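# Summary of the model geometry
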Amino acid sequence: GFGLNFAKSEIEFRQHTPVSLAGPQGTLKGDDTAWGWNVGVMLQPTEHTRIGLAYRSKIDHKAEGFLDQTGMAAGGHKHESAKADVTVPEYITLSAMHEINPQWTVSGIVRWTNWSRLKSIDVVSQSGGGLSLENNWGDSWYYGVGADYRHNDQWTFRGGLAYETTPVKSAEYRNPLIPDSDRGWVSLGASWKVNKQSQLDFSYSHLFAMGDSKTTYKGLNGEFSVVADLIGVQYQYQF
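Residues numbered from 1 in each chain as written. Predicted model: local features only at pLDDT ≥ 70, side-chain atom pairs only at ≥ 80, totals over all residues. Heavy atoms only, no water.

## Let's talk about the overall build of the protein chain
Helix and strand content of the protein chain: zero helices and 16 strands. By the compact-globule yardstick of 18 Å for 239 residues, the protein chain is too spread out, its C-alpha radius of gyration being 23 Å. When the 239 residues of the protein chain are sorted by exposure, 31% land in the buried category. The contacts of the protein chain with a sequence gap of at least 6 include a subset with a gap of at least 24, amounting to 57%. When the accessible surface of the protein chain is summed, it comes to about 14800 Å², and 59% of that surface belongs to carbon and sulfur atoms. Counting 21 positive and 25 negative side-chain charges, the protein chain places the averaged centre of each group 2 Å from the other. (Helix = DSSP H or I, 4+ residues; strand = E, 2+ residues; numbered from the N terminus. Rg over C-alpha atoms; globule rule 2.2 N^0.38 Å. Buried < 20%, exposed > 50% of the residue type's maximum accessible area, 1.4 Å probe, protein only. Contact = heavy atoms within 4.5 Å. Areas by Shrake-Rupley, 256 points an atom, 1.4 Å probe, with all protein chains shown as cover. Lys, Arg positive; Asp, Glu negative; His and termini not counted. Charge placed at Lys NZ, Arg CZ, Asp CG, Glu CD.)

This is how it looks when you write it as structure tokens:
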């Protein structure tokens, strides 16, 4: 299989210094559109086993907009055009599924994401100045296992567990904008076959931090609590 991906980004990046300290304050607003691609292959070594390998390309965003700065050494306010290059990284996914019997199917997935591309986000203004957010990220890995239970011709229920490593490799680079950490996933879902052509899918995932969630970023000393709940609904129609 092969596909094209169209992505639209809207960026608002702010960098401020506490009022008690002398330093510049800056805000960037910009947007961009970009294209990427993906390719994949599926193998079926046995009647009940399938293996998939997929690659999704990086997408280079070149956001353009305006930068507002105050609190500069010379004083005053500056409003000028600016740009920032942000690359959404490529990733590779290896997955497999095996049908144990007509009711039960088990599956697994491993995904590598090249977050090492995002060492920093640099904003360059028309006059040559700008702002910078240092990430120093590394690559991340995702491991997941799951099972599907086919209750009848209309209903299928599923559940899974996953573990994902963070691209933030130390407390030194865990900044308040993206307070990421290793995380666990617990997921549940169901599919309802409405009729021969239509199907509704429901999903729920609970994410929670695992491992280090402390920060010492630029003099900060603290710890983040990372929890998220994701709910999804999908409709499929086959012609």
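## Digging into the packing of aromatic side chains
Scanning all chains against the criterion turns up nine aromatic pairs. Judged by centre distance (5.3 Å) and plane angle (45°), the rings of tryptophan 37 and tyrosine 55 are tilted. Placement of tryptophan 37 in strand β2 (residues 25-46) and of tyrosine 55 in strand β3 (residues 49-56) is noted, with a sequence separation of 18 residues between them. The interplanar angle of 5° and the centroid separation of 5.9 Å between the aromatic rings of tryptophan 155 and phenylalanine 157 together place this pair among those described as stacked. Aromatic rings pair up to connect Trp155, Phe157 and Trp192 into one cluster. (Phe/Tyr/Trp six-rings, centres within 6.5 Å; stacked < 30°, edge-to-face > 60°.)

## Digging into the pairing of strand β4 (residues 59-70)
Two elements, β2 and β4, share seven bridges in a ladder whose sense is antiparallel. Looking across to β4, one finds that aspartate 31 is bridged to glutamate 64. (Pairing = 2+ DSSP bridges.)

## Considerations on the side chain of serine 205
Within the secondary structure layout, serine 205 lies in strand β13 (residues 198-209). Within the structure, serine 205 has its side chain in polar contact with the side chain of serine 187 (distance 2.7 Å). (Polar contact = N/O pair within 3.5 Å; in protein donor to acceptor, adjacent residues only side chain to side chain.)

## Looking at the pattern of salt bridges
Close approach of charged atoms allows side chains with opposite charge to pair. As enumerated under the stated definition, the model contains eight salt bridges in all. We note a salt bridge from lysine 62 to aspartate 85, for which the minimum N-O separation is 3.9 Å. Of this pair, lysine 62 sits in strand β4 while aspartate 85 sits in strand β5 (residues 77-88), and the two are 23 residues apart along the sequence. Here aspartate 180 makes a salt bridge to arginine 183, at a shortest N to O gap of 2.5 Å. Across the pair, exposure class does not vary: aspartate 180 and arginine 183 are buried alike. Among the charged side chains, a network of salt bridges with common partners joins Glu164, Asp180 and Arg183. (Salt bridge = Lys/Arg side-chain N within 4 Å of Asp/Glu carboxyl O.)

## With respect to the nonpolar core
In this structure, Phe13, Leu28 and Val123 are the most contacted members of the largest nonpolar core, which totals 14 residues. When contributions to this core are tallied by element, the ones reaching two or more residues are β5, β8 (120-125) and β9 (130-134). A per-element tally of this core places β5 first, with three residues. (Core = buried A, V, L, I, M, F, W, Y, C linked by side-chain atoms within 4.5 Å.)

## Considering unusual backbone geometry
A positive phi angle, near 55°, is found at asparagine 136, a position not held by glycine. Of note, asparagine 136 is situated in the loop between β9 and β10 (140-150). Residue class for asparagine 136 comes out partly exposed when judged on its relative accessible area of 33%.

## Structural notes on the side chain of arginine 183
Here arginine 183 lies in strand β12 (residues 183-193). One polar contact links arginine 183 to aspartate 180, side chain to side chain, over a distance of 2.5 Å. Setting aside anything within four residues of it in sequence, one finds arginine 183 in contact with Ala162, Tyr163, Glu164, Leu207, Phe208, Ala209 and Met210.

## Comments concerning the pairing of β13
Two elements, β12 and β13, share eleven bridges in a ladder whose sense is antiparallel. Its bridge partner being in β13, serine 191 is matched across the sheet by aspartate 201. In this structure, the hairpin formed by β12 and β13 is closed by a connection of four residues. As paired elements, β13 and strand β16 (residues 227-237) share eleven bridges and run antiparallel to each other. Each residue of the ladder has a partner; that of tyrosine 204, found in β16, is isoleucine 231.

## Considerations on the environment of phenylalanine 224
Mapped onto the elements, phenylalanine 224 comes out in the loop between β15 (222-223) and β16. Through-space distance from the C-alpha of phenylalanine 224 to that of serine 213 is 5.6 Å; in sequence the pair is eleven residues apart. When sequence neighbours within four positions are dropped, the list of residues in contact with phenylalanine 224 reads Arg174, Asn175, Pro176, Pro179, Ser213 and Thr215.

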